[in-house]
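Structure assessment
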Amino acid sequence: MMPQGPPTAAPIGLELASVSRAVGRAFDDALSSAGGSRPTWLVLLSLKTRPMANQRELAAAVGIQGATLTHHLNAMESDGLLTRRRDPANRRVHLVELTDAGEEAFHRLRLVAMEHDARLREGFSDEDLERLRGLLGRLRANVADGAGASAGAATG
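Notes on the structure in this doc start here. Being a predicted model, the structure only gives us computed values, none of them experimental.

Procedures and definitions
- Residues numbered from 1 in each chain as written.
- Predicted model: local features only at pLDDT ≥ 70, side-chain atom pairs only at ≥ 80, totals over all residues.
- Heavy atoms only, no water.
- Helix = DSSP H or I, 4+ residues; strand = E, 2+ residues; numbered from the N terminus.
- Expected span 1.5 Å × (residues − 1).
- Buried < 20%, exposed > 50% of the residue type's maximum accessible area, 1.4 Å probe, protein only.
- Arc of directions from axis to C-beta.
- Contact = heavy atoms within 4.5 Å.
- Patch = residues over 30% accessible without salt bridge, like charges linked within 9 Å, V, L, I, M, F, W, Y side chains within 5 Å.
- Areas by Shrake-Rupley, 256 points an atom, 1.4 Å probe, with all protein chains shown as cover.
- Salt bridge = Lys/Arg side-chain N within 4 Å of Asp/Glu carboxyl O.
- Pairing = 2+ DSSP bridges.
- Axes fitted to C-alpha atoms, helices over the stretch in contact; angles between N-to-C directions.
- Core = buried A, V, L, I, M, F, W, Y, C linked by side-chain atoms within 4.5 Å.
- Parallel < 35°, antiparallel > 145°, perpendicular 65-115°, else oblique.
- Left-handed = near helix turned anticlockwise from the far one by under 90°.
- Nonpolar A, V, L, I, M, F, W, Y, C, P; charged D, E, K, R; others polar.
- 1 Å grid on protein atoms, 1.4 Å probe; cavity = no way out; pocket = protein on both sides within 12 Å on 5 of 7 lines; lining within 4 Å.
- Points joined across faces, edges and corners; volume = space filled by probe spheres on them.

This part covers helix α4 (residues 66–78). An ideal rise of 1.5 Å per residue puts 18 Å on 13 residues; α4 measures up with 18 Å between its terminal C-alpha atoms. The complete set of buried residues in α4 reads Leu-69, His-72, Leu-73 and Met-76. Across the axial projection of α4, the buried residues extend over an arc of 100°, all falling on one side. Set apart from the buried face of α4 by more than 90 degrees, the exposed residues are Ala-67, His-71 and Ser-78. Looking at the buried residues of α4, the elements they touch are α2 (38–49), α3 (55–62), β2 (82–87) and β3 (90–98).

Next up, the structure:
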């Protein structure tokens, strides 16, 4: 049955996308004000959890592939944040490691990320945040399993 009359609220998909863009822009702005960027933060964070990684592992962890990752790594290496060297066991593989400057950048951007997270949590109780995580998980599952795929075009 087709709904009658004008919509009473924005489709949840459009609202979620709008909120996601606003939160992402605020995070990017915060990182930028501290001399960083989201790709730089993701690479630094990944290298902190895996002190020496090859570029393939790093690409998988960061979600940035191929030439784009290489571009970011080249810039970070030029800025003295990391080093790359060939793996002696497999010369086709580059190992990536943080430098002292990379460690300092990680800690500086970590503070920014923590402040941003605290800003997002303002006014929410722990119970609110758990419920939000559950609701976001349900939205993810809805699109992952194809539920509502035909309605997705109408709801954004």
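There's plenty left to go through after this.
Quick look at a nonpolar patch on the surface now. Taken together, the side chains of Ile-12, Leu-16, Phe-124, Leu-132, Leu-136 and Leu-139 make up a nonpolar region of the molecular surface, amounting to roughly 500 Å² of accessible area. Going through the elements one at a time, α1 (12–33) and α6 (126–144) are the ones with two or more residues in the nonpolar patch. When residues of the nonpolar patch are assigned to their parent elements, the largest contribution, three residues, is made by α6. As for its position among the elements, Phe-124 is in the loop between α5 (100–121) and α6.

Moving on, we come to the side chain of Ser-46. Mapped onto the secondary structure, Ser-46 falls in helix α2. Dropping the residues within four chain positions of it, Ser-46 is found in contact with Leu-58, Ala-61 and Val-62.

The strand order β1-β3-β2 describes an open sheet built from three strands, whose pairing is antiparallel. Bordering the open sheet on either side are β1 (52–54) and β2, each of which pairs with just one other strand. Each strand of the sheet is rotated relative to its neighbour by a mean of 30°, with strand direction disregarded. Summarising the sheet, β2 and β3 pair through six bridges and their orientation is antiparallel. The residue of β3 that forms the bridge with Leu-82 is Leu-98. Most of the contacts of α2 go to β3, to which it runs at about 100°, and overall it touches β1, β2 and β3.

As a further point, take the nonpolar core. Among the nonpolar cores identified, the biggest contains 24 residues, and Trp-41, Val-43, Leu-44, Leu-47, Leu-58, Leu-73 and Leu-82 are the most heavily contacted of them. Among the elements of the structure, α1, α2, α3, α4, β3 and α5 are those that each provide at least two residues to this core. A total of five residues in this core trace back to one element, the largest contributor, which is α5.

Quick look at the packing of α2 against α5 now. Relative to each other, α2 and α5 sit at 110°, their axes nearing to 10 Å. One way to sum up the angle between α2 and α5 is to call them roughly perpendicular. As α2 packs across α5, the resulting crossing turns out to be left-handed. In this structure, α2 contributes Thr-40, Trp-41, Leu-44, Leu-45 and Lys-48 to the contact, and α5 contributes Gly-102, Glu-103, Ala-105, Phe-106, His-107, Leu-109, Arg-110 and Ala-113. Among the residues making up the contact of α2 with α5, the classes are represented as seven nonpolar, three polar and three charged.

A volume near 820 Å³ is recorded for the largest pocket. Taken together, the elements giving at least two residues each to the lining of the largest pocket come down to α1, α5 and α6.

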